[in-house]
Amino acid sequence: MEKTNKKTRVLVVGSEPAFHDMLGKILEDQFEVLSASSEDEGLSQARNERPDAIVLGYLEPRGTSFKLHKKLRSGWLTKHTPLLIVEIGSAELSQKGWTRQEALEMDADDYITISPDDSASLSRLRESVGLAEKITIRMGERESVLKEKLLDPNAFCITWEQIPGRGAFELQHEEVIDNVAKAAAGGKIDAISVTDNPGGNPALSTEMLCVQIKNAGMEPLAHLACRDKNRSEIESLLCGLAADGVKNILVLTGDYSGSDAFEGLAKPVFDLDPPNVLRLVEKMNEGLEHKAMRKTVKLAATDFFAGACVSPFKKLESELMGQYAKLKKKIEAGAKFIITQVGYDARKYHELLTWLRVNNYNIPVFVNIYVLPYGAGRFMNSNGIPGCVVTDKYLAELAEAKKADDKGKAAMLLKSAKMYALAKGMGCAGAHIGGHGITYEQVEYIIDKGNELAANWESLVKEFDYPQENGFYLFEKDEKTGLNTDVYAQRPSKPSIPFIYRFSRIAHHLLFEEKSAVYKTMKPIAAWLDTTHTPKHIFDFFEHMSKVAMFNCMNCGDCALFDTAYVCPMSQCPKSQRNGPCGGSYDGWCEVYPNEKKCIWVQAYDRLKPYKEEGKITEYTVPPCDWNLWQSSSWLNFYQGRDHTAKRLGIKPPPKKESSKK
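Below: a short report on this structure. Source: prediction; values computed, not measured. (Residues numbered from 1 in each chain as written. Predicted model: local features only at pLDDT ≥ 70, side-chain atom pairs only at ≥ 80, totals over all residues. Heavy atoms only, no water.)

Here we look at the overall build of the protein
Thought 1: In terms of regular secondary structure, the protein is built from 24 helices and 17 strands.
Thought 2: In terms of principal-axis extent, the alpha carbons of the protein reach across some 95 × 95 × 50 Å.
Thought 3: Split into buried and exposed, the 662 residues of the protein put 50% on the buried side.
Thought 4: Nonlocal contacts in the protein, meaning residues at least 24 apart in sequence, comprise 72% of its contacts between residues at least 6 apart.
Thought 5: Approximately 32,000 Å² of the protein is accessible, and the part contributed by carbon and sulfur atoms is 52%.
Thought 6: Measuring between centres, the 85 positive side-chain charges of the protein sit 7 Å from its 88 negative side-chain charges. (Helix = DSSP H or I, 4+ residues; strand = E, 2+ residues; numbered from the N terminus. Buried < 20%, exposed > 50% of the residue type's maximum accessible area, 1.4 Å probe, protein only. Contact = heavy atoms within 4.5 Å. Areas by Shrake-Rupley, 256 points an atom, 1.4 Å probe, with all protein chains shown as cover. Lys, Arg positive; Asp, Glu negative; His and termini not counted. Charge placed at Lys NZ, Arg CZ, Asp CG, Glu CD.)

The structure is reproduced here in structure tokens:
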């Protein structure tokens, strides 16, 4: 959430009036000062007013300050609030104070002694004490280091991806924590990125590991995959992360469920997609409102810094346009940064930066640098990891490098350093470095060598020329640089129109457009049917059977056929993506059913394009399915103003008839 012009609030707690008077004069110009003169009052204000910082002085009777400090440090609401101990060092009050050692044992953020007997002016006193500055510094330390670095146009941000393994007490977890400790000591990495059940298989929970990373002195970036969690679990997880001070979130669809779960394939959830998770995060940052006891309650605001993923490495026009359509929705929903999928085509990275600039989106981009050995490259080349693109040309280079005595390790690291330099030169805001088994020393080499090479980044473009065969690029090529111009390329695809879509457009016009005579006839009939029992169920049955035959309908009741060119996202997309494609499609095929089922968003684009309506897939964000409507008639829900489409179009339910007493 962006900062407002509201003054920072500082709670001053102490028994002595002189303490409040002195600190009030020092702080009042820069902060809004709250005051408390007892333990109970201080604790109450700290919990209810949620100050940005707390200044703790002496409290009667002796020992009370120590007790209050312990409560503040262990409190659920106050444990992350910056706390400073301030003592007025006059002879009169010295017997009531505490020694410096005692104060420091309280584990406060700082300890300051102020002498009111100093004859210097108040301005000099402010300068010498530095209390306001210390408060500002401590508050800054609570901010996201990742956010600060990413939003600094003169900085280049580095994250290092760690992959938790399965189990609770495994060596892999120890290795992750060792890597975190080395990163903290090295000082070159800004955040540790933690994957969420990679490959769709069980692993140590991301949120637990992120808390450990934060405790080890590093900034965590928690991946939040939509695969395993419904909307309630996602909100609960976000609340827990916020309470533990984890603020950086990467929202992604997630791999489809893996088969290595207990007793077989886990049931995929995909209740929310990334645009809707980002909407939830934004509402939480504003203070989420909910109903309790028939009243609207506003929760305390969080301070998440949330990002999203995109894959510009798509071969087909329909695939690529779907990626950018969904990215538009993610940005408008609240994504503050972008991390790309794995790919090695310089022109594709530049394409993303160009698209953002042309569309006036000032949002930082991480280049995804996966340190690629030959084995992993061969696996990605065969689409073994959905969404990761390694072309035949690059795989051949990896095979040649593998012949060296070190099995290609030096070439692999140098290639990664060159990719780092290229990204930095092109204008990316950071590098997201990952790879199986890479060490901190290797990451440090990539950073140092990449910085060294960045001055001549243009010369590296030709080394990352890895186009896919007949692959589509969004912009015309700049022959001088090897990258892109700002001119959109022609979109040559000429898809045919399936009969079922032609029929669906006609039926939609007749049944669901308000100007249609059929719609006007159906509206009162639907209102009557909705009040009946048997006729309503008969109507629902025939509607469902017809939609099963045409669309494989699962009778969710909150129909999204209108939004996806009549390709049902609930029954025909394994990930139930209602706002655009995931990143896993390959050559137009669904990640889960390669060479068997086309991605529904590829189908939707190809259906809309002959009518010059392909831009419709970017027009609005489709809300998540309302499961209150499950197994009910979507047509009646539409006519009665209950489903998301009716609400979007402003279709109101019929007025309720007042019951008359006999």
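Examining the pattern of salt bridges
Thought 1: Under the definition given, this model contains 30 salt bridges.
Thought 2: Taking the shortest distance from any N to any O, the salt bridge between Glu282 and Lys336 comes out at 3.0 Å. Here Glu282 is found in helix α12 (residues 274–286), whereas its partner Lys336 is found in the loop between α13 (317–333) and β13 (338–340), with 54 residues between them in sequence.
Thought 3: Assessed through its relative accessible area of 22%, Glu282 is described here as partly exposed.
Thought 4: Between Arg357 and Asp486 there is a salt bridge; the shortest N-O distance is 2.6 Å. With a gap of 129 residues between them, Arg357 in helix α14 (residues 346–358) and Asp486 in strand β17 (residues 484–488) connect regions that are remote in the sequence.
Thought 5: With relative accessibility at 45%, the residue Arg357 sits in the partly exposed group.
Thought 6: The class of Asp486 is partly exposed, set by a relative accessible area of 44%. (Salt bridge = Lys/Arg side-chain N within 4 Å of Asp/Glu carboxyl O.)

Here we look at the packing of helix α17 (residues 409–426) against helix α18 (residues 440–453)
Thought 1: Close contact between α17 and α18 brings their axes to 8 Å; oriented N to C, the two are set at 50 degrees. By the criterion of interaxial angle, the relationship of α17 to α18 is oblique. Where α17 crosses over α18, the two elements pack in a sense that is right-handed. Residues Lys409, Leu413, Leu414, Ser416, Ala417, Lys418, Tyr420, Ala421 and Lys424 of α17 lie in contact with α18, whose contacting residues are Gln442, Tyr445, Ile446, Ile447, Lys449, Gly450, Asn451 and Leu453.
Thought 2: Across the contact of α17 with α18, the residue classes tally to 9 nonpolar, 4 polar and 4 charged. (Axes fitted to C-alpha atoms, helices over the stretch in contact; angles between N-to-C directions. Parallel < 35°, antiparallel > 145°, perpendicular 65-115°, else oblique. Left-handed = near helix turned anticlockwise from the far one by under 90°. Nonpolar A, V, L, I, M, F, W, Y, C, P; charged D, E, K, R; others polar.)

Re the side chain of Asn579
Thought 1: Inspection of the secondary structure puts Asn579 in the loop between α21 (534–551) and α22 (600–608).
Thought 2: Of note is the side chain of Asn579, whose polar atom sits 2.9 Å from the side chain of Asp273.
Thought 3: Polar contacts involving the side chain of Asn579 include one to the side chain of Lys329, which spans 3.2 Å.
Thought 4: Dropping the residues within four chain positions of it, Asn579 is found in contact with Asp273, Pro275, Asn276, Lys326, Lys329, Trp601, Tyr620, Thr621 and Val622. (Polar contact = N/O pair within 3.5 Å; in protein donor to acceptor, adjacent residues only side chain to side chain.)

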